[in-house]
Amino acid sequence: VEYFDYGNGSTHRIYPSLVIIGGDISKDQSTSFEADMPIWQQLEDHGIPFLAGFGNHDWENRDGYSFNGDEWNRKTTEFCRETYKKAANIGASQHFGYREFGPE
């Protein structure tokens, strides 16, 4: 995987074992697997597992300001959950597992 260094057009190779998306998957609280996964697909295509956490642009508080807040939050949770499932199925499975649990 290449990335651009300092914006001057030069590139260099990196070989990450894991990429963590530290939030702000989308810029406008419209996170969804369908819309946002293509951005990160190149990592999976190279066998690089990645995990997503959500940030303030991905989540609306319960005291939200829109009618869409619950739907946005559900889709954000779905996106993050899918990245964990996918990471467990890629090369990270040697060092990473994923199991869902919740209230019974």
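All of these numbers come straight from a predicted model, not from anything done at the bench.

### Observations regarding the packing of aromatic side chains
Then, in step 1: Tallied over the entire structure, the rule returns one aromatic pair.
Then, in step 2: Arranged with centres 5.9 Å apart and planes meeting at 50°, the rings of Y84 and Y98 form a pair that is tilted. Of this pair, Y84 sits in helix 2 (residues 69-89) while Y98 sits in the segment after helix 2; the two residues are 14 residues apart in sequence, bridging distant segments of the chain.

### Details of helix 2
Then, in step 1: Here helix 2 contains 21 residues, and its C-alpha end-to-end distance of 31 Å stays within 8% of the 30 Å for a straight helix at 1.5 Å per residue.
Then, in step 2: Looking only at helix 2, the buried set comprises G69, W72, N73, T76, F79, C80, T83, A87 and A88.
Then, in step 3: Elements in contact with the buried residues of helix 2: helix 1 (33-45) and strand 4 (50-52).

### Observations concerning the nonpolar core
Then, in step 1: Of all hydrophobic cores here, the largest spans ten residues; its members are V19, I21, I25, M37, L43, I48, F50, A52, F79 and C80.
Then, in step 2: Of all the secondary structure elements, the ones that give two or more residues to this core are strand 3 (19-21), helix 1, strand 4 and helix 2.
Then, in step 3: With near-sequence residues (within four places) excluded, F50 lies in contact with L18, V19, I21, M37, W40, L43, E44, T83 and A87.

### Quick word on the confidence of the model for the protein
Then, in step 1: Residues of the protein with pLDDT of at least 70 account for 83%, and the chain-wide mean is 78.
Then, in step 2: Mean pLDDT per element in the protein: strand 1 (residues 2-4) is the minimum at 58, and strand 4 is the maximum at 90.

### A look at the pattern of salt bridges
Then, in step 1: Tallied over the full model, the rule gives seven salt bridges.
Then, in step 2: The partner of R74 in a salt bridge is E71, and the shortest N-O contact between them spans 2.7 Å. Of this pair, R74 and E71 both sit in helix 2, three residues apart, roughly one helical turn.
Then, in step 3: By relative accessible area, R74 is classed as partly exposed at 42%.
Then, in step 4: Where K85 meets E82, a salt bridge forms, and the shortest distance between an N and an O atom there is 3.5 Å. Here the residue K85 and the residue E82 both occupy positions in helix 2, the gap between them amounting to three residues, near one helical turn.
Then, in step 5: Look at K85 and you get partly exposed, because its relative accessible area is 32%.

### Observations regarding the environment of G47
Then, in step 1: Tracing the chain through its elements places G47 in the loop between helix 1 and strand 4.
Then, in step 2: Along the primary structure G47 and I90 are separated by 43 residues, whereas in three dimensions their C-alpha atoms are 6.3 Å apart.

### As for helix 1
Then, in step 1: Approximately 55° is the largest bend angle found in helix 1, and it occurs at I39.
Then, in step 2: Within helix 1 the residues assigned to the buried category are D36, M37 and L43.
Then, in step 3: Buried residues in helix 1 make contact with strand 3, strand 4 and helix 2.

Reading guide: rules and limits
The written sequence of each chain sets the order in which its residues are numbered from 1. Confidence filtering applies because this is a predicted model: local features only for residues at pLDDT of at least 70, side-chain atom pairs given and counted only at 80 or more, and all residues used for totals across whole chains, interfaces and linings. Just so you know, side-chain values use all the structure's heavy atoms and leave hydrogens and water out. A pair of aromatic rings is counted whenever rings of Phe, Tyr or Trp (Trp by its six-membered ring) have centres within 6.5 Å, and the orientation is called stacked for planes under 30 degrees apart, edge-to-face for over 60 and tilted otherwise. Counting from the N terminus, the helices are the DSSP runs of H or I reaching at least four residues and the strands are the DSSP runs of E reaching at least two. In this scheme, a helix's expected span is set at 1.5 Å multiplied by one less than its residue total. The cut-offs for exposure are 20% and 50% of the maximum accessible area for each residue type, with area from a 1.4 Å probe on protein chains only; residues under the lower value are buried, those over the upper are exposed, and the others partly exposed. Contacts are residue-level and defined by heavy atoms, with any inter-residue pair within 4.5 Å sufficient. In this text, buried Ala, Val, Leu, Ile, Met, Phe, Trp, Tyr and Cys residues form a nonpolar core when linked through side-chain atoms within 4.5 Å. How sure the predictor is of each residue is captured by pLDDT, a score from 0 to 100. For salt bridges, the criterion is a side-chain nitrogen of Lys or Arg within 4 Å of an Asp or Glu carboxyl oxygen. To get the bend at a residue, fit one axis to the 7 residues ending there and another to the 7 starting there, then take the angle between the axes.

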